Amino acid sequence: MDKKLFKLLLIALFSVSAFANSNSDINLLDLYKDLHSNPELSYKEFETSKKLSLILEELGYEVTNGVGGNGVVALLKNGEGKTIMLRADMDGLPVEEKTGASYASRTKTLNDEGQEVFTMHACGHDVHMTVLIGAAQYLIQNRSDWSGTLMLILEPAEEVSGGARNMIKDGLFTRFPRPDFNLALHVSSGMETGKVGYLPGWAMANVDSVDIIVKGLGGHGAYPHTTKDPIVLSAQIISQLQTIVSRQIAPTDPAVVTVGSIHGGTKHNVIPNEVKLQLTLRSYTDEVRNATISSIKRIVRGAAIAAGLPEELYPTVTLKDEYTPAVFNNPQLVEKLKVSFEKSLGKDNVKKVSPVMGGEDFGMFGRVEPIIPTALFWLGAVNKNIYEKAVREDIVLPSLHSDLFLPDAEPTLETGVKAMTGAALDLFNES
Ligand SMILES: [Zn+2]
Ligand SMILES: [Zn+2]
């Protein structure tokens, strides 16, 4: 076994003896459980960022807090070479944990509306943070094995798609060394522990939220001819929206138009003045994204004209500014990662996965001109026995964001640290 791989394997033991040359070793499993029990909502990651920035400082990193809100940037300048950015996100979700784990979260925090809500790391960001700390520890303790600049970032507010944008706006790529590569991982609720998934090209989708207000002229339900019924108009619009993906976008270009909420009216026999629709849109390319938005605008306008509404009562279409850009995995970088993962985890544990229409605002880091090669890979988090049983018995596993999602912590962290550390070392050391 080569020396480097052996050291990486030692990390996985999470034991003090793995770092016999250091007095400040971090037990990653304890850190993970602590983070898991104490989640914080988006924009409210105050304690999490404080805790982790202290750990990074103690390890010897040059730490800057408050980058784009609760964001943290930790630098290790270790001689000539490339700059590599590793990213972990910090926020939890307003979900009441039902996993039954001994370290399950019972934490309640205030949401934006001032209500106390149960909070859970249901998207595995606690794994992401712990892996980042594991990699931070290994790479500083073994700094003689590589040279370059390591840039670790802790991103706030990923779930609401604000963190990456705010960190970039606050000078992530101008105040700090500009990375040659951006790397991140995300836990997978559909892959067993010990494995990682890679994918070149589009990996996760553009996400847009759209509000439509369908207006009308209300009145008595028994005299519909004296009204302009926004409920019937909404029904027509919703039906026509289904033709965007099926008839207007090329079948080879993935896209989703989902009407997730519809609200209108108060009573059986009253035709209301308006109906509100909320949509989520998904796509990969800017072209498909723009075409979908234009189609929606055209369809609602056309339906209003056909209903004989005056122009001031045409529906309004508002594109919310929570836009999450698609994640595009740089194919050359992914090829390098694949080789590196096969080396650190074994060929059988590295698999190519399919793209998904979920969103991740990590994509934003790969959108800043001049474009930095960027890639996100998936980290298997499902207990092996549970995974095998699910495959055998055709059971659907709890997805990310589910109140039952619980990574099998130890092997997940072990694989994450090995994969992330190995990738960083190989990228630093490539000629
Ligand atoms: Zn999530
Ligand atoms: Zn996530």
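Throughout this document, residue positions are counted from 1 along each chain, in the order its sequence is written. The naming scheme follows written order: chains are lettered A onward, ligands numbered 1 onward. A pLDDT threshold of at least 70 governs which residues receive local features in this predicted model, and a stricter bar of 80 or more applies before side-chain atom pairs are shown or counted, although totals over entire chains, interfaces and linings include all residues. Remark: hydrogens and water are excluded; side-chain values derive from all non-hydrogen atoms of the structure.

A. Inspection of the overall build of the protein at higher detail. When you go through the protein residue by residue, the secondary structure sums to ten helices and 18 strands. It is over C-alpha atoms that the radius of gyration is taken, and the globule rule equals 2.2 Å times the number of residues to the power 0.38. For 431 residues, the compact-globule formula gives about 22 Å, and the C-alpha radius of gyration of the protein, at 24 Å, lands near that figure. Surface accessibility in these figures is a Shrake-Rupley result with a 1.4 Å probe; residues are shielded only by whichever protein chains are displayed. As displayed, the protein has an accessible area near 18,900 Å², and 53% of this comes from carbon and sulfur atoms. Counted as positive: Lys and Arg. Counted as negative: Asp and Glu. His and the chain ends are not counted at all. Charge coordinates come from a single atom per side chain, which is NZ of Lys, CZ of Arg, CG of Asp or CD of Glu. With 41 positive and 52 negative side-chain charges, the protein shows a spacing of 4 Å between the two charge centroids. Runs of H or I in DSSP of at least four residues are treated as helices and runs of E of at least two as strands, each being numbered from the N terminus.

B. Expanded view of the sheet that holds strand β3 (residues 83-89). At least two DSSP bridges between two strands are required for those strands to pair. One open sheet accounts for eight strands, arranged β1-β2-β6-β3-β7-β18-β8-β17; its pairing is mixed. The open sheet terminates on both sides in strands that have one partner only, identified here as β1 (62-67) and β17 (350-352). With strand direction ignored, the average angle separating the axes of adjacent strands in the sheet is 25 degrees. The pairing of β1 with strand β2 (residues 71-78) spans four bridges and is antiparallel. For V63, the partnering residue across the bridge sits in β2 and is A74. Residue contacts follow a heavy-atom distance rule, with two residues in contact if any of their heavy atoms lie within 4.5 Å. To get an axis, fit a line to the C-alpha atoms, keeping to the stretch in contact for a helix; angles then go from 0 to 180 degrees between the N-to-C directions. Helix-sheet contacts for helix α3 (residues 46-59) involve β1, β2 and β6 (148-155), and the interaxial angle to β1 is about 165 degrees.

C. Looking closely at the coordination of the zinc ion (ligand 2). The rule for donors is simple: N, O or S, within 2.8 Å of the metal, or within 3.2 Å if the metal is Na, K or Ca. Water isn't counted, so a site may look like it is missing partners. Within the protein, the zinc ion (ligand 2) binds to C123 (SG), H125 (NE2) and H186 (NE2); these donor distances fall in the range 2.1 to 2.4 Å. Considered as a linear motif, the donors of the zinc ion (ligand 2) on their single chain read C-x1-H-x60-H.

D. The packing of aromatic side chains, seen in detail. Each aromatic pair joins two rings of Phe, Tyr and Trp (for Trp, the six-membered one) with centres within 6.5 Å, and gets the label stacked for planes under 30 degrees apart, edge-to-face for over 60, and tilted for any other angle. Under the definition given, this model contains seven aromatic pairs. Here the aromatic rings of W146 and F428 are separated by 4.4 Å at their centres, their planes lie at 20 degrees, and the arrangement is stacked. Of this pair, W146 sits in the loop between α4 (125-141) and β6 while F428 is found in helix α10 (residues 409-429), placing the two residues 282 residues apart along the sequence. Accessibility classification places W146 together with F428 in one group, the buried group. Taken together, a centroid distance of 5.0 Å and an interplanar angle of 75 degrees make the contact between W202 and F328 edge-to-face. Of this pair, W202 sits in strand β9 (residues 201-204) while F328 is found in strand β16 (residues 327-329), placing the two residues 126 residues apart along the sequence. One aromatic cluster is present, built from ring pairs that chain together F173, F362 and F365. Over a ring means this: the NZ of a Lys or the CZ of an Arg is within 6 Å of the ring centre and within 35 degrees of the ring normal. The residue whose ring lies beneath R178 is F173, and the NZ or CZ to ring-centre distance is 5.6 Å. Sitting above the plane of the Y323 ring, R289 keeps its charged end 3.6 Å from the centroid. Buried, partly exposed and exposed residues are distinguished by accessible area as a fraction of the type maximum, computed with a 1.4 Å probe on protein chains only: under 20%, between the cut-offs, and over 50%, respectively.

E. Inspection of the domain arrangement of the protein at higher detail. Partitioning the protein into domains gives domain 1 (3-204 + 326-429) and domain 2 (206-319). Note that the domain bounds reflect an automated or database-derived domain assignment. The gap between the C-alpha centroids of domain 1 and domain 2 is 39 Å. Counting residues at the interface gives ten residues for domain 1 and ten residues for domain 2. Once two parts are put together, the accessible area they lose, assessed with a 1.4 Å probe and summed over both, is termed the buried area. Looking at the side of domain 1 facing domain 2, the largest losses of area belong to W202, A326 and M357, adding up to 69% of the total buried there. A pair is scored as a salt bridge if a Lys or Arg side-chain nitrogen falls within 4 Å of a carboxyl oxygen belonging to Asp or Glu. Remark: the boundary between domain 1 and domain 2 carries one salt bridge. Here R367 makes a salt bridge to D286, at a shortest N to O gap of 3.4 Å. Each residue belonging to the side of domain 1 that touches domain 2 can be placed in one class, and the counts come to seven nonpolar, two polar and one charged. Amino acids are sorted into nonpolar (Ala, Val, Leu, Ile, Met, Phe, Trp, Tyr, Cys and Pro), charged (Asp, Glu, Lys and Arg) and polar (every other residue, Gly among them).

F. Expanded view of the side chain of S53. You can see S53 is positioned in helix α3. Within the local environment of S53, its side chain forms a polar contact with the backbone oxygen of K50, the two atoms lying 3.3 Å apart. The term polar contact refers here to a pair of N or O atoms within 3.5 Å; inside protein, the definition further demands a hydrogen-donor-capable atom paired with an acceptor-capable atom, and it admits residues adjacent in sequence only when both atoms are side-chain atoms.

G. Geometry of the coordination of the zinc ion (ligand 1). Protein coordination of the zinc ion (ligand 1) is provided by C123 (SG), E159 (OE), E159 (OE) and H401 (NE2), with donor distances spanning 2.0 to 2.6 Å. All donor residues of the zinc ion (ligand 1) come from one chain, and their arrangement in sequence is C-x35-E-x241-H. Between the zinc ion (ligand 1) and the zinc ion (ligand 2), the interatomic distance is 3.2 Å, and C123 donates to each metal, bridging them. In this pair, C123 sits in the loop between β5 (116-118) and α4 while E159 sits in the loop between β6 and α5 (163-169), placing the two residues 36 residues apart along the sequence. When its relative accessible area of 6% is taken as the criterion, C123 is described as buried. The class of E159 is partly exposed, set by a relative accessible area of 21%.

H. Region of the structure containing the pairing of β2. Burial analysis of β2 places seven of its eight residues in the buried class, the great majority of the element. Counted along the chain from β1 to the antiparallel partner β2, the turn is three residues long, and its residue G68 has a positive phi close to 65 degrees. Sheet topology note: the β2/β6 ladder contains seven bridges and is antiparallel. The partner of N78 across the bridge, within β6, is G148.

I. Structural view of the sheet that holds strand β12 (residues 255-264). Strand order in the open sheet formed by four strands is β12-β14-β10-β15, and the pairing between neighbours is antiparallel. The outermost strands of the open sheet, each flanked by one partner alone, are β12 and β15 (316-319). For this sheet, the mean inter-axis angle between neighbouring strands, taken without regard to orientation, is 20 degrees. Examined bridge by bridge, strand β10 (residues 206-215) and β15 share four bridges and lie antiparallel to one another. Counterpart to D211 in the pairing with β15 is T318. Helix α6 (residues 230-248) rests against β10, β12 and β14 (274-283) of the sheet, and its axis sits at about 170 degrees to β12.

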